Structure formats: structure tokens, C-alpha cells
Amino acid sequence: MEVLKRVSIKEQEPEKRVNNFDEVCLGYSSDEAVQEALRCLECKNAPCIKGCPVEVKIPEFIRLIKEKKFKESYLKILETNLLPAICGRVCPQETQCEKNCVRGIKGEPIAIGKLERFVADWFRQNCEFEFEKPESNGKKVAIIGSGPAGLSCASSLAKLGYEVVIFEAFHKLGGVLYYGIPEFRLPKEVVEWEIENLKKMGVEFRTNMVFGKTFDLEDLKQEGFEAVFISSGAGLPNFLNIEGELLNGIYSANEFLTRVNLMKAYKFPEYDTPIKLGKKVGVIGGGNVAMDAARVARRLGSEVYILYRRTEAEMPARKEEIDHAKEEGIKILELVSPVRFMGDETGHVRALELVKMQLSQPDSSGRRSVKPIDGSNFIFEADNFIVAIGQSPNPLVKKAIPELELNPNGSIKVNENLMTNVEGVFAGGDIVTGAATVILAMGMGKKAAENIDKYIMCS
Amino acid sequence: MNEIVIKQNIVPNVWLMGIYSPQVAKKAKPGQFVILRVTETGERIPLTIADFDSDKGIVFIIFQVVGKTTSILSTLNIGDSIADFVGPLGMPYEQDSNDKSYLFIAGGLGIPAIYSKVKMLHSQGKDIEIIVGGRSKENIFFEEELRKYCSSLYISTNDGSYGQKGLVTDILTQLLENGKRYDEIFAVGPVLMMKAVVDITKKYGIKTLVSLNPIMVDGTGMCGGCRVKIGNEIKFACVDGPIFNGFEVDFDGLMKRNSYYQDLENLSYKEHKCKIGLGE
């Protein structure tokens, strides 16, 4: 066994996977997982744990894999992380736990994420989730939004004996895990399984409930909730504010992904929600959402280009996502910035004028800025464009609680305990941080739960 | 939840339904809308709240059968439930307390959209006139209900089968030319109609509001599909609207955006009709 190298993991071949929405990564077999686990040095000081926002007991769960105690391994992860099957798939391990892995100094770090995913999948396929519900402490907590922050907060509170209700605006549960992350990266079946487990823990879910519209803070107080955790997500999609953005054929990544992931437009007309995508598609942006949108568009049969202001090296997307996108034939156009969309007489977009950009020297923060090169404008023709340049906080929350203090960018202001300026109202996830990662949101959900517990028990 | 408790065929192809949804009925205000999904494979469509009864927990919607979703909905009966019913969404109608006289103009399916506003303003003792228009006599409905709340009700039909022959804007022009003035004009109906109304009222400088119904998916400000140009700004009809100052709306842009999925919607409706044996 080559101890410096990872046990390679099976993936669907690119030529095959661009024609389906099935998961790309096929996961480790038991033998492969054990082999990979055997590479772990079980460092005493466990630097990997320091890289994990929820401090998964990494060397311990890996040791249990070595001993082929997969169930025990899963339960070990579960002690600190509610959603292993999800985190094993979507966490940016390369910048977190795996970045700190001592094996990574000379060779490749342990595939911690892939091992986490393995035990979670093994457990899901071989075991029944059992949870001994603690005696209720009679205290009720409301959670707004069923995304990663809300789910993680709910789980922590349920373990402490709280009666938790999650309110979800959509008809499906999971928030961004459902409408945002595509099936080929995170199967909906996995999300649904995790949510079923939460139900077994006694968490109640109410769908079609829009905070600030269907119900407000006063309603929650009247129903006897003693604390509220707002984890309603990132919200309004940003647009470029350039000419022609209202033309048909231009989607926000949110709309595009919601139509496909939540409404299953890729199965039209079996499902009623339509999507229209032509032969050639340009995706604007360089984050994970841009990669997801590009790869979905590729699977719908289009030739896809990612248009990005900086270079691939500066892209905020995970390297794995960028690599997968490139393997699938998606092309990246670096150092270009949108100037204006151009359409035809029917109001449909036909092209985007781009200007070439150049990178400057890194500034004090180490980030390189870009500036346009005068006179370098050119026309990029495409049938559709998808704008994936981030989101701004949803205004509905502020309308529901007018006295709520916001940061200048519109996100919710919280103190070190994640409490807002409104007594008993906590917030976390993208509505506080701006669009970030699943694991960061989960970390905040967990932290909020601890503070909500302190708040309720002390008052 | 979401049970159909009232169903009435108002005019051919147009249905009124009362949906049992206490949470929506409790919060609903004139001017707001709901998003509903009829079946598990269905799409989310926005519909104006025509009226609501907070005590009984009922929300009234009125819809015309124009595609697959509305077709399926129309075949459901009292006692059936629909998959999802979310709301109330959008900003409620806000009136200026100084305004005393109102002219409402409703074309076709715009009628339900004015009903609850008219009722509310009438209860405040405001003076209300209404113009209602449709293609033909069979497209005019709610006449008696509206008459209760207004001082004058004018009717126009394109073919002259009922009321004055012509368009609602013909009546509007006559009223204004005869010296009638209003503090506020509120128009709801096809985009072309609202545009034509605004073209006239602009000349007279009379404040004109319109209620838009663009393509939507989530209805909560998440997808941006319903974006419309209002003045020089891009607004989301679901959270900023659906009511806007008519003078500022880019109606041409809205019309183009609303037509985007027409071919696919027709295809889906056609397939559905074949499946249920209606054929062409």
C-alpha cells in the first residue's frame, strides 16, 4: 500500500454522468474505506479537529473504521455532527479538516470527508436510526427555515429535551440542501433520510409557512415559544445591474436551480414546471453555486461556459467542483466581466458584451483585484445566461420584526451568543454571514442551540 | 388543511373556490396573493386573493382554466384538498387616507383582484366607480357583488353583447373628457389593458396604480423570476409588489417576460388534455 497516496474513489465517468442526474461520486466500498482509514496516524493533538466547525472527533471515528465498527463510527460522528451524510458530501474538507492533516505534509491528506460519507451511507443502508427521546422540559423553541443551520439547531435542542418546531416557507424541507444543491452532488434521498431522523427525535415541521407573511413574532409568542432561531437563508439573488438584464433567457442561479432541483423541471412534462435552455449557456460567477448551475445546465444538454472576472485560481468554488465541471466539458473563460446583455426583437437574450480584465498585485489582504482593459470589449453569444454572483438578505424578516437591527449589508446583526437585539430572538446561517457553507451554518445552529438553552434556563 | 370548501362555476371556464386555510385567512389583506400547488408534480402558481373570511378561515380564489394547473384545479370538488397553499404574499394595498374618490378598472380576470379593495374602501365611506370589461357578455361576472359597493358601474364588451361595445379605455376616456376626476385610479387586467389605461391617465396626471402578475416560482423573494422594471429600478413583484405606480411600470418588458414559457405551457396543457381524453 502506498501510504502517501489516497485510496482512489470511484466516480461515474464524465461522458456518462453528463447524461444523468445520478450522484457523481460512488463512494468507498468497506474494504476501500478500511484501507484509507489505515493511513490515519491518529495524532494525539488531532489538528484535523481544529479545522472542523463542529469539531467532529475525527481520529476516533476513523479508528472505528479500521476496526470495521462502522455503526459505532457513525455514532461517534453523530456526537458532534447531526448530518454526516451531507457534510461528507458538501463540506470543503480541503480547506478545513484535511488541510490540517499531518499526512498531508508529505503526501495526500486522509480522505476524511469521503470516510465520513462512507460510514453515514453504510449506516443508512444497514441500520435503523434509533433515538431515545429525552423527557420534555416543556420549553418550546421556534426555528425559522429548515436549512442546515435550522436542522442543526433543532437537533441540538431536541437532545436537550426542548420541544422544537421548524417553520419552512417552501413545500419541501431542507432549504438550500433541497432547492440549491443538485441531486448529482447531494441526493435528495439523503436529505430526506436525515429529516426523517429529526422527526424521530420529536422535531415538528410545518411547511408553507412564510415568516413575516403567514406568521410573525407575536404569533410565536402567543403559541408559547420562549425563543426563536432565525435561519432563513441568504435570500434575494444579486443581479449585475447592467443593460438588458430583464431579457428572457437570463436566470438567476436561484431561479434556475429551484426550477430544476425543487420543482424537477428536468422531468418536464411529467412535472409541470418548465425550464428553457438553449444550445449554449454562459454562467456568470465562480462560486459553488455557479459550478452547480453550470453542471446542471450541462446535464440538460447545453454547451456551457463559466465566465469569471478573475482566474480559476481565485475562484471561491471548491477545487473538486471546478475539476468535476471541467471533466464534464464545461469551459472556463477567465478574466472577463459583463458589460451589457443584447437581445433580439422578441425580447430574448442573444449575447453578452464582455470586457477583458487584468489582475493587479495582491493587496494587503492578499487578494488580487481586477480592472478592465480599455478597448478589449468583445461579444460572447449564447442562448441563455445564468447569473450566480451571490445573494442579499431577504427583506421579509425585517418586515416581520421591524425593530430588528441589521448590518449595513442587510444581514442580521447578532452578538457573540448569536442573539439579535430583540430579546429571545437568535439568528444564524447565511442570513447572518451572507452566503457561506453548509458546515458553517450548521456550526452556528449548534452554537445557537447552546445559547438558547442558557438563555431559557437562566431566565 | 387546504381543503376546498366552496366551488362555484361563475361563468364558462371561470371558477370560484373557497379554500380552508385559517393561517392565510387570518393574515390576508386586500391586494395580496397566494401561491398554490395542486398536485405533487405540479407547479407553483400565484393567484390573487379575491376575498377572505378570517372567522371561518376561508380564502377565496377565482381562476380561469388556461392551462394544465388550472384545468386540474377546476376538476377538484368540495372536500378535496390541494397540495400546497401559501400566503398571504406580496405587499397589501395601501391607500392614501386623503383620497376620497376612486375609479377601479378591471378587465376579465382582473375583477377578483379589485373586489376586496373595493369592499374595504366602501366600508370606509369612499366614493367608488368601477369599469368592468371583457370580450363578451359571458366574460363579465361579479356584477351584482360589485354594484353593492360603488356609486356607478360601467360595463364594456369587445363584441357589444353587453354594456357598451368597445374597450374599458373607451369608457375611461369618455369619463375623463366629460370632466370626471378621481383621486386614484386602480387598474387590473391584461398587461395591454393596464398599459392603455396608464397612457390615458398620465395625460391627466391622475395617480394610477396597477397590480402585476408576472411569472413566479417561490413568491418569497428568493428566485428573482418576477423581476420587473419600475422606473429605473429592478423590483421583485413578489416582495415589492404586486401593486406598483402605473406610470413607472415597463409594461413592454413585462409582456415579453410573461410570454417566455407560453409554448411549453401549451405543450403541457395539450398533453394533459390528451391524457384525460379531451383531445384537441
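Being a predicted model, the structure only gives us computed values, none of them experimental.

1. Regarding the overall build of chain A
Okay, so step 1: When helices and strands are tallied, chain A shows 18 helices and 16 strands.
Okay, so step 2: In terms of overall size, chain A behaves like a compact globule, its C-alpha atoms giving a radius of gyration of 23 Å where 459 residues would be expected to give roughly 23 Å.
Okay, so step 3: The principal-axis extents of the C-alpha atoms in chain A amount to approximately 65 × 60 × 55 Å.
Okay, so step 4: Counting over 459 residues, chain A shows a buried share of 58%.
Okay, so step 5: Across chain A, every contact between residues at least 6 apart in sequence was considered, and the portion connecting residues at least 24 apart equals 69%.
Okay, so step 6: Accessible surface, chain A: about 18,500 Å² in total, of which carbon and sulfur atoms supply 49%.
Okay, so step 7: One way to put it: in chain A the 61 positive side-chain charges average out to a point 3 Å from where the 66 negative ones average out.

2. Structural notes on the UniProt feature "domain: FAD-binding FR-type" (unreviewed entry) in chain B
Okay, so step 1: Those residues carrying the UniProt feature "domain: FAD-binding FR-type" (unreviewed entry) are residues 1-95 of chain B in this numbering.
Okay, so step 2: Here residues 1-95 of chain B runs as 15% helix and 43% strand, with 32 Å between its end C-alpha atoms.

3. Notes on a nonpolar patch on the surface
Okay, so step 1: Taken together, the side chains of Leu41, Val102 and Ile105 of chain A make up a nonpolar region of the molecular surface, amounting to roughly 280 Å² of accessible area.
Okay, so step 2: Mapping Leu41 of chain A onto the fold places it in the loop between helix H2 (30-38) and helix H3 (47-50).

4. Re the UniProt feature "binding site: [2Fe-2S] cluster" (unreviewed entry) in chain B
Okay, so step 1: Mapped onto the present numbering, the UniProt feature "binding site: [2Fe-2S] cluster" (unreviewed entry) falls on Cys223, Cys226 and Cys238 of chain B. On the basis of their most widely separated C-alpha atoms, the annotated residues across 16 residues gather in one place, lying no more than 9.9 Å apart.
Okay, so step 2: Among the structural elements, Cys223 of chain B can be located in the loop between strand S13 (208-211) and strand S14 (227-230).
Okay, so step 3: Excluding residues within four positions of it along the chain, Cys223 of chain B makes contact with Pro237, Ser252, Asn254 and Glu255 of chain A together with Val217 and Asp218 of chain B.
Okay, so step 4: Structurally, Cys226 of chain B can be placed in the loop between S13 and S14.
Okay, so step 5: The contact partners of Cys226 of chain B, leaving out residues within four places of it in the chain, are Pro214, Ile215, Met216, Lys235, Phe236, Ala237 and Cys238 of chain B.

5. Regarding the packing of helix H6 (residues 191-204) of chain B against helix H8 (residues 251-258) of chain B
Any two packed helices are characterised by the angle at which their axes cross and by the distance between the axes.
All names here are of chain B.
Okay, so step 1: One can describe the packing of H6 onto H8 by two numbers: an axis separation of 10 Å at closest approach and a directional angle of 180°. By the angle between their axes, H6 is roughly antiparallel relative to H8. Here Val191, Leu192, Met194, Lys195 and Val198 of H6 come into contact with H8, specifically with Phe251, Asp252, Leu254, Met255 and Asn258.
Okay, so step 2: The residue inventory of the contact of H6 with H8, partitioned by class, reads seven nonpolar, one polar and two charged.

6. Here's the deal with the UniProt feature "domain: FAD/NAD(P)-binding" (unreviewed entry) in chain A
Okay, so step 1: According to UniProt, the positions carrying the feature "domain: FAD/NAD(P)-binding" (unreviewed entry) are residues 139-445 of chain A.
Okay, so step 2: Taken end to end, residues 139-445 of chain A is 27% helix and 24% strand, and its first and last C-alpha atoms sit 18 Å apart.

7. Comments concerning the nonpolar core
Residues and elements named next belong to chain A.
Okay, so step 1: Core analysis: the biggest nonpolar cluster contains 98 residues, and Phe61 and Ile230 have the highest contact counts within it.
Okay, so step 2: Among the elements that line this core, the one with the most residues is helix H18 (residues 438-458), at 10 residues.
Okay, so step 3: Domain assignment of the residues forming this core places at least three in each of domain 1 (2-126) and domain 2 (140-235 + 393-458).
Okay, so step 4: Those residues in contact with Ile230, other than ones at most four positions away along the chain, are Ile144, Phe211, Val397, Ile401, Ile412, Val425, Phe426, Ala427, Gly428 and Ile431.

8. A look at the pairing of S14 of chain B
All names here are of chain B.
Okay, so step 1: Across four bridges, the pairing between S14 and strand S15 (residues 233-236) is antiparallel. Paired with Lys229 across the two strands is Ile234, which belongs to S15.
Okay, so step 2: In textbook terms, the turn of a hairpin is the stretch between consecutive antiparallel strands, and for S14 and S15 this stretch comprises two residues, one of which, Gly231, has a positive phi near 60°.

9. Some details on the environment of Leu151 of chain A
Okay, so step 1: Here Leu151 of chain A lies in helix H9 (residues 148-159).
Okay, so step 2: For Leu151 of chain A, the contacting residues outside a window of four places in its chain are Leu82, Leu83, Ser146, Ile166, Leu177, Ile195, Leu198 and Phe205 of chain A.

10. So, the side chain of Arg124 of chain A
Residue and element names in this part refer to chain A.
Okay, so step 1: Locating Arg124 in the fold gives a position in helix H8 (residues 112-126).
Okay, so step 2: Within the structure, Arg124 has its side chain in polar contact with the side chain of Glu189 (distance 3.4 Å).
Okay, so step 3: Leave out the neighbours within four places in its chain, and Arg124 touches Arg89, Glu189, Val190 and Trp193.

11. Remarks on H9 of chain A
A turn of α-helix holds 3.6 residues, and therefore any two residues three or four places apart point the same way.
All names here are of chain A.
Okay, so step 1: Here H9 contains 12 residues, and its C-alpha end-to-end distance of 17 Å stays within 8% of the 16 Å for a straight helix at 1.5 Å per residue.
Okay, so step 2: Looking only at H9, the buried set comprises Pro148, Ala149, Gly150, Leu151, Ser152, Cys153, Ala154, Ser155, Ser156, Leu157 and Ala158.
Okay, so step 3: One or two positions beyond H9, positive phi appears at Gly161, with a value near 95°.

12. Comments concerning the UniProt feature "domain: Dihydroprymidine dehydrogenase" (unreviewed entry) in chain A
Okay, so step 1: In this numbering, the UniProt entry assigns the feature "domain: Dihydroprymidine dehydrogenase" (unreviewed entry) to residues 17-126 of chain A.
Okay, so step 2: With 53% helix and 3% strand, residues 17-126 of chain A has end C-alpha atoms that lie 27 Å from one another.

13. Overview of the packing of helix H14 (residues 288-299) of chain A against helix H15 (residues 319-327) of chain A
Residue and element names in this part refer to chain A.
Okay, so step 1: Contact pair H14 / H15: the axes reach a minimum separation of 10 Å and the direction vectors enclose 25°. By the angle between their axes, H14 is roughly parallel relative to H15. Note that H14 runs across H15; the crossing there is left-handed. Two secondary-structure elements touch here, H14 through Asn288, Met291 and Arg295 and H15 through Glu321, Ile322, His324 and Ala325.
Okay, so step 2: Of the residues contributing to the contact of H14 with H15, the split by class is three nonpolar, two polar and two charged.

Rules behind the numbers
- Once a new chain begins, its residue numbering starts again from 1 and follows that chain's sequence as written.
- Whichever chain is written first is A, and whichever ligand is written first is 1; the rest continue in order.
- Local features in this predicted model are restricted to residues of pLDDT 70 or higher, and side-chain atom pairs are both shown and tallied only at a pLDDT of 80 or more, whereas totals for entire chains, interfaces and linings draw on every residue.
- To get the side-chain values, take all heavy atoms of the structure and skip hydrogens and water.
- Each helix corresponds to a stretch of at least 4 residues labelled H or I by DSSP, and each strand to a stretch of at least 2 residues labelled E; elements are numbered beginning at the N terminus.
- The atom set for the radius of gyration is the C-alpha atoms, and the globule formula is 2.2 Å times the number of residues raised to the power 0.38.
- The buried label goes to any residue with under 20% of its type's maximum accessible area, the exposed label to any with over 50%, and the partly exposed label to all in between, with areas taken from a 1.4 Å probe on protein chains only.
- Contacts were defined at the residue level, with two residues in contact if any of their heavy atoms lie within 4.5 Å.
- Reported accessibility uses the Shrake-Rupley method at a 1.4 Å probe radius. Residues are deemed covered only where the shown protein chains occlude them.
- In this tally, Lys and Arg are treated as positive and Asp and Glu as negative; His is ignored, and so are the chain termini.
- In plain terms, the charge of a residue is placed at NZ if it is Lys, CZ if Arg, CG if Asp and CD if Glu.
- UniProt positions are given in the numbering used here, feature names are shortened, and annotations may be inferred rather than shown by experiment.
- Residues enter a patch when their relative accessible area is above 30% and they make no salt bridge; the linking distance is 9 Å between like charges and 5 Å between nonpolar side chains (Val, Leu, Ile, Met, Phe, Trp, Tyr).
- Criterion for a salt bridge: a side-chain nitrogen of Lys or Arg within 4 Å of a carboxyl oxygen of Asp or Glu.
- To define axes, lines are fitted to C-alpha atoms, for helices over the stretch in contact only, and angles between the resulting N-to-C directions are given on a 0 to 180 degree scale.
- We call two directions roughly parallel when the angle between them is under 35 degrees, roughly antiparallel when it is over 145, roughly perpendicular when it lies between 65 and 115, and oblique otherwise.
- Put simply, Ala, Val, Leu, Ile, Met, Phe, Trp, Tyr, Cys and Pro go in the nonpolar bin, Asp, Glu, Lys and Arg in the charged bin, and everything else, Gly too, in the polar bin.
- Buried residues of nine kinds, namely Ala, Val, Leu, Ile, Met, Phe, Trp, Tyr and Cys, make up a nonpolar core once their side-chain atoms join them within 4.5 Å.
- Domain segmentation is taken from an automatic or database assignment of domains.
- Two strands pair if DSSP finds at least two bridges between them.
- We define a polar contact as two N or O atoms separated by no more than 3.5 Å, with the added condition that, inside protein, one atom must be a possible hydrogen donor and the other a possible acceptor, whereas residues neighbouring each other in sequence contribute only through side-chain atom pairs.
- A helix's residues, less one, multiplied by 1.5 Å, set its expected span.
- Should the near helix be turned anticlockwise from the far one by less than a right angle, the crossing is left-handed, and should it be turned clockwise, the crossing is right-handed.

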